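This is what each chain is made of:
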Amino acid sequence: MQEAYKIGNAQSIGSYQIQSSYFATYCSDCGCLAVLADGTADHINGRRCAVLAAEACIWEFQKMQQNTDYPVYFNAAAKRILRDMREIIFLGKTPYLSVSIQWLKNTELFYYSAGNNRNFLFDGSNYQILSESCGKANIRKGMTAGMISRGVWEALNEKELLSYLQKKEHPYDKAQQVIMGVKKKNRKMAGTAAVLLVEGCL
């Protein structure tokens, strides 16, 4: 039986002309996959890289076998991202890419991150940054697994971020408020900002 999840996301273009962050989620009998990619460049190739990365992660997840271990999946997704970027991003300089992946399955969270994005867990009061590039953690009903791009964590300190996460609202509403908080900072030369939240199985 497929588990149910509450998912919320939001993003801002900041001072950029082109949105260079992209997110995607996919839920199946294997669990729920969430991806946040940031091309970190105000250029069409920044957006292309972010879209390619998110789509590559979903593709590899869809064809994954039921008993696949999480390091195997993350390795396959990373290889596909690099392959797709080499084949498709051929004009101009390839932007620096930040990618975070979270795979929620039953009571476990598997996570991966490369670049400037941050993975975190929130249990209603405590905020824990998952600092390792790849690992796993326990997740219970009502907990929130989240990913934020550099544009969010540069604008908001931990106390400010917690003020939004602690609200008794749907993750979508909380994500929208996080980005509104980023916009209120009115930071000059701010890059794109994106947040993706997934609440544990209901």
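Heads up: the structure comes first, above all this text.
So, how was this worked out
- The residue count restarts for each chain, going from 1 along the sequence in the order it is written.
- Restriction of local features to residues with pLDDT of at least 70 applies here, the model being predicted, together with a cutoff of 80 or more for giving and counting side-chain atom pairs; totals for whole chains, interfaces and linings are based on all residues.
- Side-chain measures were taken over the full set of non-hydrogen atoms in the model, leaving aside hydrogen atoms and water.
- All axes are obtained by fitting lines to C-alpha atoms, using only the stretch in contact for helices, and the reported angles, taken between N-to-C directions, cover 0 to 180 degrees.
- The numbering of helices and of strands both runs from the N terminus, where a helix is a DSSP run of H or I of at least 4 residues and a strand a run of E of at least 2.
- When an angle is under 35 degrees it counts as roughly parallel; over 145 it counts as roughly antiparallel; between 65 and 115 it counts as roughly perpendicular; any other value is oblique.
- Two helices crossing with the near one rotated counterclockwise from the far one by less than a right angle form a left-handed crossing, whereas a clockwise rotation gives a right-handed crossing.
- Residues are treated as being in contact if the distance between any of their heavy atoms lies within 4.5 Å.
- By the convention adopted, Pro, Cys, Tyr, Trp, Phe, Met, Ile, Leu, Val and Ala count as nonpolar, Lys, Arg, Asp and Glu as charged, and the other residues, Gly among them, as polar.
- We call a set of buried Ala, Val, Leu, Ile, Met, Phe, Trp, Tyr and Cys residues a nonpolar core when their side-chain atoms join them within 4.5 Å.
- Relative accessibility decides the category of a residue: with a 1.4 Å probe and only protein chains considered, values under 20% of the type maximum give buried, values over 50% give exposed, and everything between is partly exposed.
- For two strands to pair, DSSP has to find at least two bridges joining them.

Q: It is not clear to me how the packing of helix α1 (residues 44–62) against helix α2 (residues 70–88) should be interpreted in this structure. Could you clarify?
A: Packed helices, taken two at a time, are described by the angle their axes make and the gap between the axes. For the pair α1 and α2, interaxial distance at closest approach is 9 Å and the crossing angle is 140°. For the element pair α1 / α2, the angle class is oblique. Crossing angle aside, the handedness with which α1 passes α2 is right-handed. Each of Cys-49, Leu-52, Ala-53, Ala-56, Cys-57, Trp-59, Glu-60 and Phe-61 in α1 lies in contact with α2, whose residues at this interface are Tyr-73, Ala-76, Ala-77, Arg-80, Ile-81, Asp-84, Met-85 and Ile-88. Of the residues contributing to the contact of α1 with α2, the split by class is 13 nonpolar, no polar and three charged.

Q: Help me out: how do you make sense of the nonpolar core in this one?
A: Note that soluble globular proteins tend to have their nonpolar side chains buried in a common cluster. Membership of the largest hydrophobic core comes to 27 residues, with the highest contact counts inside it found for Leu-33, Cys-57, Tyr-73, Ile-81, Val-99, Ile-101 and Trp-103. Going through the elements one at a time, β3 (31–38), α1, α2 and β4 (98–105) are the ones with two or more residues in this core. The element that contributes the greatest number of residues to this core is α1, accounting for nine residues. Excluding anything up to four places from it in sequence, Ile-81 contacts Ala-53, Ala-56, Cys-57, Leu-97 and Val-99. Counting 19 residues, the second largest nonpolar core, distinct from the first, contains Ile-148, Val-152, Ala-155 and Leu-162.

Q: Just checking my understanding: could you explain the sheet that holds β3 for this structure?
A: What links the strands of a sheet is backbone hydrogen bonding, and the strands pair in either a parallel or an antiparallel sense. Sheet architecture is open: five strands sit in the order β2-β3-β4-β5-β8, paired in antiparallel fashion. The strands lining the two open edges of the sheet, one partner per strand, are β2 (21–28) and β8 (134–138). Across this sheet, the average inter-strand angle for adjacent strands is 15°, counted without regard to direction. Taken strand by strand, α1 contacts β2, β3 and β4, and its axis lies near 10° from that of β2.

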